Amino acid sequence: MGSGHKAEKASLASSHTHSFSHQHHPSPPASKEVWKKGGRMFSILLAVHLALLACTLVSSGAFDKIAVHDYDVFFLLTVMMLIVIVWIIFYLASTSRGPDAILCKDSHAGPVWLRGGLILFAIFSLVMDVFKIGYYSSFYSCLSAIKIIYPIVQAIFVTVQTYFLWISAKDCVHAHLNVTRCGLMLTLTTNLAVWMSAVTDESVHKAHSKLKKNVTEEIFKWLMKAGMRSGSTEECNCNSQICQIFKNGYFWLYPFNIEYSLFASAMVYVMWKNVGRFIDHHSHHIHRLKFRLFRRTFFVGIVLGLITLVSGLGVLIVYEVRVNSSHEPSKKNEALTMYYVFNIVCLGLMSLVCIGGSVIYRFDKRDMDRHKNPTRTLDVALLMGAALGQYAISYYSIVAIVASTPRDAISALNLTYALLMIAQHTFQNIFIIEGLHRQPPKEDHKRDVRQKDPYGLTFVNVNAVSLRVPDSGSTVTPSTLPSIEAVHPSELVQSLTCPKKMNWRRKFLREISMFLLLSNVILWIMPAFGARPQFDNDKELNFYGDSMWPAIVDICLPFGIFYRMHAVASLLEVYITS
């Protein structure tokens, strides 16, 4: 009789507890949009047509035989940027201020380190625009006016867009849905068009400076006409010292503008995915940023990463001096040997570290995060997609080295470098993607004692646990209890015995993430600022010809450079959440 009465009370309390928990976690409201996919489809079609038009003009403007000039490209990009500026002002002044316009925010979108990187690249992009304005102003009398207007509009565009992404990257908009989607897709397309134009200009400039004797005649003529009207090359030569400073300065700053466009495109795409989206806050965990650089670490990853970074900068300086300033084949071979040896050691260490990190993940007890997350989905897609560029260059190099003769020490180093590049990208992608899908550790053992012990729970030892019940004799109902989670005895034992084991795993993962982060920084700096052995090693150039091989490198290398920078951002997130 007594046992039945207790069971009835327990079931009644359980039902009350379930109803109580449902009251605190309401389901997200249903969307009022009739056909969400229709609005997305229309904005995608708009973006595809604009991207194809921009790609056609940019690629056509690179050749002298086609009656498309660089100022035609500048005119299109200027018009697109002006339209985006107008839409951003409309969004900030009208759309985002409307009633019920932003019902929720995506905590995963636009993390602070991504927005901080965007601001850093934006600053360098603005400096580049200043150098461009100074360069074109040096001979404005024989220039088309659009060439001076373009960098001015681009500077305004970078400023407005950076402010827009800083304050609105997390928005889930529910007003002017189709207009917002089209505006975001136009912004995305504009950034990609600016990126294509910058990559084309920067790649042709690098090819001209390194392969004056091997580049095609069409590219050489286009370079001689860069920044000048057709037929006025002699009148508009950049002969003054200040003009040369401006010209070299903005070419050196091109990598930052290229990365800015890609970072902005990624953030805009996440905003586009979040238009009309409702977030279930019960399942959408919000993780606070706890960037503890010098806590809970052995400093091994930081020290090794800094050694790699400083060594890589030294190799880059020596490489640039010997390859660009010296015409002796022996010094060129010494520079290539030094470059390949450094990269082989660096890539080998990175591959081993990534394998070790993946092994540690096998013993990690953290749950996998399976909730919908557009930011993480985009990160994974960009990592896998951008790696294809370096994969392509590596496989082309492998085929050229294996199929050609004679084989010397440089060829052996180049082959090892290409194979390790493929392995390192693969292992690093596995490590990063698995880290992005892990939930941050729950530090329950650091909570306040009152939160742990609402009923006077006293821990005597692992095997003896006593529970004090209130002496008032009143009926305990869910409404009178604090909001806590039930603790099973096995979970209690695990919470007392596991923190030390979890601690060493987290420390090793943080060391690995920091070493990989700093190593990716130097592997981004080296090709972005001139160290490109693909142009200096004659093996691939002789095998594929002076037209095909530069085209392959110019198309694929920007993706490889972007991969490194995106890997840095992803590794920083893995480091913080480990």
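Note that this is a predicted model, so its numbers are computed, not measured.

## Details of the overall build of the protein
Then step 1. For the protein, the helix and strand inventory stands at 18 helices and four strands.
Then step 2. Put simply, the protein has 578 residues, and 48% of those count as buried.
Then step 3. Nonlocal contacts in the protein, meaning residues at least 24 apart in sequence, comprise 89% of its contacts between residues at least 6 apart.
Then step 4. Entry remark: accessible area of the protein is about 29000 Å², with carbon and sulfur atoms responsible for 65%.

## Examining a nonpolar patch on the surface
Then step 1. On the surface, Val112, Ile119, Ile123, Val127, Tyr163, Trp166 and Ile167 cluster together into a nonpolar patch covering about 580 Å² of accessible area.
Then step 2. Residue assignment for the nonpolar patch shows that the elements contributing at least two residues are α4 (112-137) and α5 (146-168).
Then step 3. Ranked by residue count, the leading element in the nonpolar patch is α4, at four residues.
Then step 4. By the secondary structure assignment, Tyr163 is in helix α5.

## Things to note about the side chain of Ser43
Then step 1. Along the chain, Ser43 turns up in helix α2 (residues 36-60).
Then step 2. Judged by its relative accessible area of 0%, Ser43 falls in the buried class.
Then step 3. Aside from chain neighbours lying at most four places away, what touches Ser43 is Arg181, Cys182, Met185 and Trp272.

## Looking at the environment of Met368
Then step 1. For Met368, the position within the fold is in the loop between α11 (329-362) and α12 (374-403).
Then step 2. For the pair formed by Met368 and Glu434, sequence separation is 66 residues and the distance between their alpha carbons is 8.7 Å.
Then step 3. If we ignore the near neighbours within four places in the chain, the residues touching Met368 are His437, Arg438 and Gln439.

## Points about the packing of aromatic side chains
Then step 1. Applying the stated rule across the entire model yields 28 aromatic pairs.
Then step 2. Relative to Tyr150, the ring of Phe74 has its centre 4.7 Å away and its plane inclined at 20 degrees; by these criteria the two rings are stacked. One end of the pair, Phe74, is in helix α3 (residues 70-93); the other, Tyr150, is in helix α5, and 76 residues separate them in sequence.
Then step 3. Classification of Phe74 as buried rests on a relative accessible area of 8%.
Then step 4. Residue classification places Tyr150 among the buried positions, given a relative accessible area of 2%.
Then step 5. Where Tyr544 meets Trp549, the ring centres are 5.7 Å apart and the plane angle is 15 degrees; that geometry is what we call stacked. In this pair, the class of Tyr544 matches that of Trp549, namely buried.
Then step 6. Members of the aromatic cluster, connected to one another through ring pairs, are Phe121, Phe124, Trp252, Phe256, Phe263, Trp524 and Phe529.
Then step 7. Of note, Arg40 hangs over the ring of Trp272, and the distance from its end group to the ring centre comes to 5.4 Å.
Then step 8. Seen from the ring of Tyr575, Arg510 lies directly overhead, with NZ or CZ sitting 4.4 Å from the centre.

## Looking at the packing of helix α9 (residues 254-273) against α12
Then step 1. At a minimum axis separation of 9 Å, α9 and α12 run at an interaxial angle of 140 degrees. Put simply, α9 runs oblique to α12. The two elements α9 and α12 meet at a crossing, and its hand is right-handed. Here Ala266, Tyr269, Val270 and Lys273 of α9 come into contact with α12, specifically with Pro374, Thr375, Leu378 and Leu382.

## Looking at the side chain of Thr162
Then step 1. Here Thr162 shows up in helix α5.
Then step 2. At 2.6 Å, the side chain of Thr162 and the backbone oxygen of Val158 are in polar contact.
Then step 3. If sequence neighbours within four positions are ignored, Thr162 has contacts with Leu118, Ile119, Ala122 and Tyr260.

## Brief notes about α9
The α-helix advances 3.6 residues per turn, and as a result positions three or four apart in sequence lie on the same side.
Then step 1. A rise of 1.5 Å per residue sets the reference length of α9, with its 20 residues, at 28 Å; its end C-alpha atoms lie 29 Å apart and thus fit the reference within 8%.
Then step 2. Burial of α9 is extensive: 18 of the 20 residues sit out of reach of the surface.

## A few points about the nonpolar core
Then step 1. Judged by nonpolar contacts, the single largest core of 134 residues is most densely connected at Phe164, Leu165, Leu184, Phe431, Leu516 and Trp524.
Then step 2. Among the elements that make up this core, the one with the highest residue count is helix α18 (residues 538-577) (18 residues).
Then step 3. Counting contributing residues per domain, this core is built from domain 1 (35-215 + 239-278) and domain 2 (290-440 + 502-577), each supplying no fewer than three.
Then step 4. Residue contacts for Trp524: discarding those within four places in its chain leaves Phe121, Phe256, Glu259, Phe529, Ile561, Arg564 and Met565.

## Quick notes on the packing of α12 against helix α13 (residues 409-436)
Then step 1. For the pair α12 and α13, the least separation of the axes is 9 Å and the interaxial angle reads 165 degrees. Here α12 is positioned roughly antiparallel relative to α13, judged by the angle of their axes. Note on packing geometry: the crossing formed by α12 with α13 is left-handed.
Then step 2. Considering only residue class, the contact of α12 with α13 consists of 17 nonpolar, eight polar and two charged.

Scoring rules and cut-offs
- Residues numbered from 1 in each chain as written.
- Predicted model: local features only at pLDDT ≥ 70, side-chain atom pairs only at ≥ 80, totals over all residues.
- Heavy atoms only, no water.
- Helix = DSSP H or I, 4+ residues; strand = E, 2+ residues; numbered from the N terminus.
- Buried < 20%, exposed > 50% of the residue type's maximum accessible area, 1.4 Å probe, protein only.
- Contact = heavy atoms within 4.5 Å.
- Areas by Shrake-Rupley, 256 points an atom, 1.4 Å probe, with all protein chains shown as cover.
- Patch = residues over 30% accessible without salt bridge, like charges linked within 9 Å, V, L, I, M, F, W, Y side chains within 5 Å.
- Salt bridge = Lys/Arg side-chain N within 4 Å of Asp/Glu carboxyl O.
- Phe/Tyr/Trp six-rings, centres within 6.5 Å; stacked < 30°, edge-to-face > 60°.
- Lys NZ or Arg CZ within 6 Å of the ring centre and 35° of its normal.
- Axes fitted to C-alpha atoms, helices over the stretch in contact; angles between N-to-C directions.
- Parallel < 35°, antiparallel > 145°, perpendicular 65-115°, else oblique.
- Left-handed = near helix turned anticlockwise from the far one by under 90°.
- Polar contact = N/O pair within 3.5 Å; in protein donor to acceptor, adjacent residues only side chain to side chain.
- Expected span 1.5 Å × (residues − 1).
- Core = buried A, V, L, I, M, F, W, Y, C linked by side-chain atoms within 4.5 Å.
- Domains from an automatic or database assignment.
- Nonpolar A, V, L, I, M, F, W, Y, C, P; charged D, E, K, R; others polar.

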